[in-house]
Amino acid sequence: MSREILVPLDLSQPDAIAMALPYAVQWARARDAFVHLVTVLPDINAGMYPYVAVRATEESRQSAQDRLDEVAAEHIPADLDSATSVLIGRMPRYLIDEINRTHPDMVVLAAHDPRLADMFLGSISGSVVGHAHCPVLVVRDPELHR
């Protein structure tokens, strides 16, 4: 059974990515685990034009996969094993489903700007902390949380 540190990333938040990944790397080394980067894209509902949704979803998935692979190459040292996954669905439900499916040893995620707490931090981080059956490390930027 392999050990896993799951790192959910919002690819639109480069500061959060840079903040969370050093902790994930540190814990992966300490636990002899691999780092699994994951992002969740919203499902596109095109109503009467489902072919538009399929094409847009596939293009979005490939773009996110390429970006996630770049992030892994930039932040995960070559001596650590890593994996990347792009999920399509509703946050935080799909993220929690992924945690339940993969049974990671730990989840490491970055907290967003506290001014966005009611819309983002509370709903995603709070749901992960409340539903994950493993330790969850929520990394906060000390400058934003004073």
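Computed from a predicted structure; not experimentally measured.

Engineer: Talk me through the overall build of the protein; I want residue IDs and the actual numbers.
Structural biologist: Within the protein one finds four helices and five strands. Along the protein, helices (α) and strands (β) appear in the sequence β-α-β-α-β-α-β-α-β when read from the amino end. The buried share of the protein, taken over its 146 residues, is 41%. Considering only contacts in the protein between residues 6 or more positions apart, those separated by 24 or more positions represent 78%. In the structure as shown, the protein presents an accessible area of about 8,600 Å², 53% of it carried by carbon and sulfur atoms.

Engineer: Break down helix 3 (residues 93-102) for me, with residues and values.
Structural biologist: All of the buried residues in helix 3 are L95, I96, E98, I99 and T102. Buried residues along helix 3 cover an arc of 155° about the axis, so they all sit on one side. Of the residues flanking the end of helix 3, it is H103, one or two places downstream, whose phi is positive at about 50°.

Engineer: Any chance you could break down the sheet that holds strand 5 (residues 136-139) for me, citing the residues and the numbers?
Structural biologist: Pairing in this open sheet of five strands is parallel, and the strands run 3-2-1-4-5 from one edge to the other. With partners counted over all chains shown, the strands left at the sheet margins are strand 3 (82-88) and strand 5, one partner each. Averaged over all pairs of adjacent strands, the angle between strand axes in this sheet comes to 20°, irrespective of strand direction. In the sheet, strand 2 (residues 34-41) pairs with strand 3 via seven bridges, with the strands oriented parallel. Considered in strand 3, the bridge of L41 is made with I88. Contacting strand 1 (4-8), strand 2, strand 4 (106-110) and strand 5, helix 1 (residues 14-31) crosses the sheet at an angle of about 160° to strand 4.

Engineer: Could you give an account of unusual backbone geometry, naming the residues involved and the relevant values?
Structural biologist: Note that the residue after M91, namely P92, is joined by a cis bond; omega there is -5°. At D32, a position not held by glycine, the phi torsion is positive, near 50°. Tracing the chain through its elements places D32 in the loop between helix 1 and strand 2. Of note, the phi angle at H103 is positive, near 50°, even though the residue is not glycine. Residue placement: H103 occurs in the loop between helix 3 and strand 4.

Engineer: Kindly report on the nonpolar core, identifying the contributing residues and their values.
Structural biologist: In summary, soluble globular proteins display a tendency toward joint burial of nonpolar side chains. Counting 27 residues, the largest nonpolar core has I5, V7, L21, V35, L37 and V108 as its most contacted members. When residues of this core are traced back to their parent elements, those giving at least two are strand 1, helix 1, strand 2, helix 2 (50-75), strand 3 and strand 4. It is helix 1 that contributes the most residues to this core, eight residues altogether. Aside from chain neighbours lying at most four places away, what touches V7 is L21, A24, V35, H36, L37, V38 and V108. If you look at the next biggest cluster of nonpolar residues, it comprises 12 residues, including I99, V107, L109 and C134.

Engineer: Now, about the pattern of salt bridges: what can you tell me, with residues and values included?
Structural biologist: Within the structure shown, the criterion is met by six salt bridges. D105 is paired through a salt bridge with R31; the nearest N and O atoms lie 3.3 Å apart. One end of the pair, D105, is in the loop between helix 3 and strand 4; the other, R31, is in helix 1, and 74 residues separate them in sequence. Linked through salt bridges whose partners overlap, the residues forming this network are R3, R31 and D105.

Rules and cut-offs
- Residues numbered from 1 in each chain as written.
- Predicted model: local features only at pLDDT ≥ 70, side-chain atom pairs only at ≥ 80, totals over all residues.
- Heavy atoms only, no water.
- Helix = DSSP H or I, 4+ residues; strand = E, 2+ residues; numbered from the N terminus.
- Buried < 20%, exposed > 50% of the residue type's maximum accessible area, 1.4 Å probe, protein only.
- Contact = heavy atoms within 4.5 Å.
- Areas by Shrake-Rupley, 256 points an atom, 1.4 Å probe, with all protein chains shown as cover.
- Arc of directions from axis to C-beta.
- Pairing = 2+ DSSP bridges.
- Axes fitted to C-alpha atoms, helices over the stretch in contact; angles between N-to-C directions.
- Core = buried A, V, L, I, M, F, W, Y, C linked by side-chain atoms within 4.5 Å.
- Salt bridge = Lys/Arg side-chain N within 4 Å of Asp/Glu carboxyl O.

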